[in-house]
Amino acid sequence: MSLPVGHYQYDRIDRDFLQARIAEFEGQVQRRLDGTLSEDEFKPLRLMNGLYLQLHAYMLRVAIPYGILDSRQLRRLGEIARRYDRDYGHFTTRQNIQFNWIRLEDTPAILRELAEVDMHAIQTSGNCIRNVTADEYAGAAADELVDPRVHAEILRQWSTLHPEFTFLPRKFKIAISGSPNDRVAARFHDIGILARPGEDGAPVFRIFVGGGLGRTPIIGEELFDSVREEHLLATLEAIVRVYNAHGRRDNIYKARIKILVQAIGVEAYREAVEAELAQMNLERYRLTPEAVAAIRSRFAVPLLEAPADADAVLAEQRRADPIFDRWVRSNTHVHRDPGHIIATISLKPAGGIPGDATSAQIGRLADLADAYSFGEIRITHLQNVVLGHVRKDRLRDLWLGLAEVGLAEANIGLIGDIVACPGLDYCALANARSIPIAQKLGARFADTALQAEIGALRINISGCINACGHHHAGHIGLLGVDKRGEEFFQLTVGGRAENGAAIGTILGAALPEDETVDAIARLVDCYLGRREGGETFLDTLTRLGHEPFREAAYETV
Amino acid sequence: MKRPVRLEPGQKLVLTANRLLDGRTVWWGADGTWDLHIGRASLLDAEDADAVLARVVAEAQRDGVVGVYDTAVQAAVPPEPVTVREKIRAHGPTVHPEFAVETDQ
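Residues numbered from 1 in each chain as written. Chains lettered and ligands numbered in written order. Predicted model: local features only at pLDDT ≥ 70, side-chain atom pairs only at ≥ 80, totals over all residues. Heavy atoms only, no water.

Topic: the overall build of chain A
Here is the rule we go by: Only runs of H or I of at least four residues qualify as helices and only runs of E of at least two qualify as strands under DSSP, and these elements are numbered from the N terminus. Note on method: radius of gyration uses C-alpha positions; expected globular size equals 2.2 Å times residues raised to 0.38. The cut-offs for exposure are 20% and 50% of the maximum accessible area for each residue type, with area from a 1.4 Å probe on protein chains only; residues under the lower value are buried, those over the upper are exposed, and the others partly exposed. Per-residue and other accessible areas follow the Shrake-Rupley method at a 1.4 Å probe size, with only the shown protein chains counted as cover for residues. His is not counted, nor are the chain ends; Lys and Arg add positive charge and Asp and Glu add negative charge. Charged side chains are reduced to one point each, which is NZ for Lys, CZ for Arg, CG for Asp and CD for Glu.
Helix and strand counts for chain A stand at 19 helices and 21 strands. In summary, chain A has a C-alpha radius of gyration of 23 Å against a globular reference of 24 Å for 557 residues, a match within 12%. Oriented by its inertia axes, the alpha-carbon framework of chain A measures out at about 60 × 60 × 55 Å. Within chain A, the proportion of its 557 residues that are buried is 62%. Within the structure as shown, chain A displays about 20,600 Å² of accessible surface, and the carbon and sulfur contribution to it stands at 50%. A distance of 2 Å separates the average location of the 64 positive side-chain charges in chain A from that of its 76 negative side-chain charges.

Structure follows, in C-alpha cells:
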C-alpha cells in the first residue's frame, strides 16, 4: 500500500497494539454488562477509550492525530455515523470527531472498524496528554517555516501510553505550529510549540507553558525560546514531569498546569524544568536526525504539479463568477506552490449546527479529497475541513462539488464561521445550549455579502465555564450560564487566539437568551458605524475601547 | 450526604437514569420499570423519594441503568421537568426535532 499523504503510516506494531487494546476494552465492557465491574470502576476505563456518557446516549470521541485524515479514514467515519450513530458526526475544537448516539455494546465493534483504518479513541479523554493538534495548513501554507506534522507525530508516539503521564493531575493539551502566524492557539494550550528553522537549518522550538481557557483563562508564557530538535522530547518530558510532581490533585479546578505556573511563576517553573533536565539521562530522550528522518519517511509527499496557466485559469473563473470569487476570497489560503491553493470547507451553513456533517457529506468530502487533494483531509480546531493541496485550475470544480452537498458556504473567518461546543443539547457538563444561539446568529448574519462587509469577526460560544467553545478567545465570546433554571449568556469582546493572544473582556451582566442575538447585532452595528478605513472589529475595539460596545450591547430602547 | 430537596407548590420528584446498554435517558415508573417516556414516570413526594431512590439505586445493575437520581417536575400530565437540562433529557436535543422523545405515548 502506498504511504498516505499528510499523516504517518502505521506499522504492524501500531496495529497489533490497537487490536490488543480493543480486546482489553471488549472484556471490560463485558464485565460491566454482567455486573463484575461497577460503574465507578468502569467509568475511568471507558473514558480512557474515549467513551463518555452524555445526556441522551454514550458519546465516542475519536482521535484525529494533528487533525489529518486520509480519505479511507474519513469514509470510514461516515460509515460509522451511518451504521452506529444517527447519520452524522460532530467535528470538535480539538480536531477530533464525536459521535453522539453510541451504544455501549456497539463500542468494541466500532473500535475494530476504526482500527481497520488505523484510528482509535485512546487518550481523547482522561487526565493524560490528549490528541496533539497542529496547524491545519501544515505542509501547504506559503507562510510556513517548518512543517510541524513530523514532530506532531513524534509527540503522538511519545505521549501515547506514556507510563508516567497516564494519571496526570488533569488533562494536558499540546499544540504545534511551524508558521509565524499562529493558527493553533499556541498560547492557550498547556504546552504550545512554535517551530522555526535554526541557524543550521534544523528546526528549533519556542515553547509556551501554562496557557488555557476554561474556568481560569490564562495566556501561556514563554518557557524556552529555542529548544533544539535533539532536546525537544527531553524538554517536554521534563516540563510534564514537573507538572506531574507538583500540580495540584486536591482540587480539580486548580489542577491544570496553568495554575501551577501562575502559583510559582514561570521563572521558578523554568528552573524546575532545568533541574529535572540536569538529572535526566538526556541520551535516552535524544531526538536524532536519523530518528526524525525515519518518521518523516512514513509520510508521503504530494507531487505538486500544475499547468503553467493554472493561476490564470482561476483568475478568469473568479472574474466570470462573483459568487465563486467571494468563496475564494474567504475560504482559501496561499499555498507554497504557485499552482496550488488551500481550500477551507465551512461546516457552518447559515442556521446550521457548527461542526456537524452528515454521513453523506462526510463520504462526499472523502471523494472530493481523492479527486482534488491527494486523498488528504484536515480538520481544523475551528470546526471546519481543509483540503490542503488543490490545483488552482481545478478549484472551481471542487467548489461546484461542495455545493452539491451544501458545503460551499463562503464564510471562513467571518461572522458566520461560529465555533460552538455541543452545549446542553448533548453535554452532561453544560449549563446552557450553545447550538441554538449559534443557529440564530448564523441565520441573522446569513447574507454572505453582509458577512464580507463586516469582515474578520469570530464568534465563539461555550455552554459552560469549561469553555470547549473557546469563548474567551472569540472576538465576541458567549458563555452560557444558568440563572434559576433559565439560560443566559455572558458576552465578552476582544479575545483572540491568533498572534497577540488575548482573553476577552466581560462586557457586563449576562443577558437572557432571547435578547442575546439582538445584543450582538447591536455590537456589530456599533462597529460598522464607527470603524475607520479598513479597520477590523478588533481594530475598532482597540481604538475605541469597550465602552461604546458595552453601551450598544445593553441598549434597551 | 444528599442535599434535601425543596419543592415548590405543584412540584413532585421523579427518578431518572441512563440505560446501561445504550445510554438513553429513562424514567422510573410506578410499575418498577424504566421507560423512555417521562409521561410514565412515577411522581414522588419529597419525604418518600429518598427511600425509593435508595431501593432503585440498589437495583440499578439488575435493571440495566446507571446514574440514578431524582429531579423535580411540575406535577402535570405528562410531568414537565423544572430545569432546562432535564427538559432536554426528557424530550431530546432541541436542535434535532426528529430525535424528539414523544411524551404522550
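Quick word on the domain arrangement of chain A
All names here are of chain A. Note the cut-off: Start and end positions for the domains come from either an automated domain assignment or a database one. Here, residues are in contact when the closest pair of their heavy atoms is within 4.5 Å. Throughout, buried area stands for the accessible area (probe radius 1.4 Å) lost by two parts on being put together, summed over both.
Examined at the domain level, chain A breaks down into domain 1 (12-116), domain 2 (133-296), domain 3 (310-404) and domain 4 (419-553). Here domain 3 and domain 4 have C-alpha centroids that lie 26 Å from each other. Counting residues at the interface gives nine residues for domain 3 and 11 residues for domain 4. When domain 3 packs against domain 4, the two sides together hide about 940 Å² of surface, and 63% of this comes from carbon and sulfur. It is R326, G351 and L382 in domain 3 that bury the most area against domain 4; as a group they hold 42% of the surface buried on that side.

Things to note about the interface of chain A and chain B
Counted only if it meets this: By salt bridge we mean one thing: a side-chain nitrogen of Lys or Arg within 4 Å of a carboxyl oxygen of Asp or Glu. Polar contact is defined as a pair of N or O atoms within 3.5 Å, subject to the rule that within protein one atom must be able to donate a hydrogen and the other to accept it, and that residues adjacent in sequence are counted only when both atoms are side-chain atoms. Ten residue types, Ala, Val, Leu, Ile, Met, Phe, Trp, Tyr, Cys and Pro, are classed as nonpolar, four, Asp, Glu, Lys and Arg, as charged, and the remainder, Gly among them, as polar.
With 30 residues of chain A at the contact, the number on the chain B side is 20 residues. Of the roughly 2,200 Å² buried between chain A and chain B, counting both surfaces, carbon and sulfur atoms make up 60%. Here chain A and chain B share one salt bridge between them. One salt bridge connects D22(B) with R103(A), and the closest N-O pair in it is separated by 3.7 Å. Between the two partners, chain A and chain B, sit 10 residue pairs in polar contact (both at pLDDT 80 or more). Going through the elements one at a time, α1 (12-33), β5 (97-102) and α15 (435-444) of chain A are the ones with two or more residues in the side of chain A that touches chain B. A per-element tally of the side of chain A that touches chain B places α15(A) first, with three residues. Looking at the side of chain A that touches chain B, its residues break down into 15 nonpolar, five polar and 10 charged.

Concerning the packing of aromatic side chains
Spelled out, the test is: A pair of aromatic rings is counted whenever rings of Phe, Tyr or Trp (Trp by its six-membered ring) have centres within 6.5 Å, and the orientation is called stacked for planes under 30 degrees apart, edge-to-face for over 60 and tilted otherwise. Charge over a ring is defined by NZ of Lys or CZ of Arg lying within 6 Å of the ring centre and within 35 degrees of the ring normal.
Here the structure, examined in full by the defined rule, presents 11 aromatic pairs over all chains. Measuring from centroid to centroid gives 6.1 Å for F25(A) and F42(A), while their planes differ by 15 degrees, and the two rings are stacked. In this pair, F25(A) is assigned in helix α1 and F42(A) in helix α2 (residues 39-48), connecting sequence segments 17 residues apart. Across the pair, F42(A) and F25(A) agree in class, each one buried. Summarising the aromatic geometry, the rings of F537(A) and F549(A) are spaced 5.4 Å apart at their centres and angled 70 degrees between planes, so their arrangement reads as edge-to-face. Taken together, the residues F537(A) in helix α18 (residues 537-544) and F549(A) in helix α19 (residues 547-553) connect sequence positions 12 residues apart. Note on accessibility: F537(A) and F549(A) belong to one class, buried. Taken together, Y88(A), W101(A), Y426(A) and F99(B) form an aromatic cluster joined through their ring pairs. The ring of W101(A) has R86(A) sitting right over it, with the charged end atom 3.8 Å from the ring centre. Sitting above the plane of the F324(A) ring, R396(A) keeps its charged end 5.9 Å from the centroid.

Focus on the sheet that holds strand β12 (residues 340-345) of chain A
Residues and elements named next belong to chain A. What counts, and what does not: Being paired, for any two strands, means DSSP has found at least two bridges between them. Each axis is a line fitted through C-alpha atoms, taken for helices only over the stretch in contact, and angles between the N-to-C directions span 0 to 180 degrees.
Across the sheet, which stays open at both edges, the five strands sit in the order β3-β14-β15-β12-β11 with antiparallel pairing between neighbours. Edge positions in the sheet fall to β3 (68-70) and β11 (332-334), since each of these pairs with one other strand and no more. Sheet twist, expressed as the average angle between the axes of neighbouring strands with direction ignored, equals 30 degrees. Examined bridge by bridge, β12 and strand β15 (residues 385-391) share five bridges and lie antiparallel to one another. Bridge pairing links I345 to V385 in β15. Of the strands in this sheet, β11 and β12 touch helix α12 (residues 322-331), which is tilted by about 90 degrees from β12.

Section: the pairing of β15(A)
Residues and elements named next belong to chain A. Burial of β15 is extensive: six of the seven residues sit out of reach of the surface. Two strands pair when backbone bridges link them, and strand β14 (residues 376-379) and β15 are joined in this way by two bridges, in the antiparallel orientation. Counterpart to R378 in the pairing with β15 is V386. Two successive antiparallel strands, β14 and β15, enclose a turn made up of five residues, where Q383 displays a positive phi of approximately 70 degrees.

Side note on the packing of helix α6 (residues 232-246) of chain A against helix α8 (residues 266-279) of chain A
Residues and elements named next belong to chain A. Threshold: In this scheme the crossing of two helices becomes right-handed for a clockwise turn of the near helix relative to the far one and left-handed for an anticlockwise turn of less than a right angle.
Where α6 contacts α8, the axes come no closer than 9 Å and their chain directions differ by 120 degrees. For the pair α6 and α8, the sense of crossing is right-handed. On α8, the residues touching A234, T235, A238, I239, R241, V242 and Y243 of α6 are Y269, A272, V273, E276, L277 and Q279. Each residue belonging to the contact of α6 with α8 can be placed in one class, and the counts come to nine nonpolar, two polar and two charged.

Considerations on helix α5 (residues 149-159) of chain A
All names here are of chain A. Counting buried residues along α5, 10 of its 11 residues qualify, which places the element largely inside the surrounding structure. Among the residues making up α5, those that are buried are R149, V150, H151, A152, E153, I154, L155, R156, W158 and S159. One or two positions beyond α5, positive phi appears at L161, with a value near 55 degrees.

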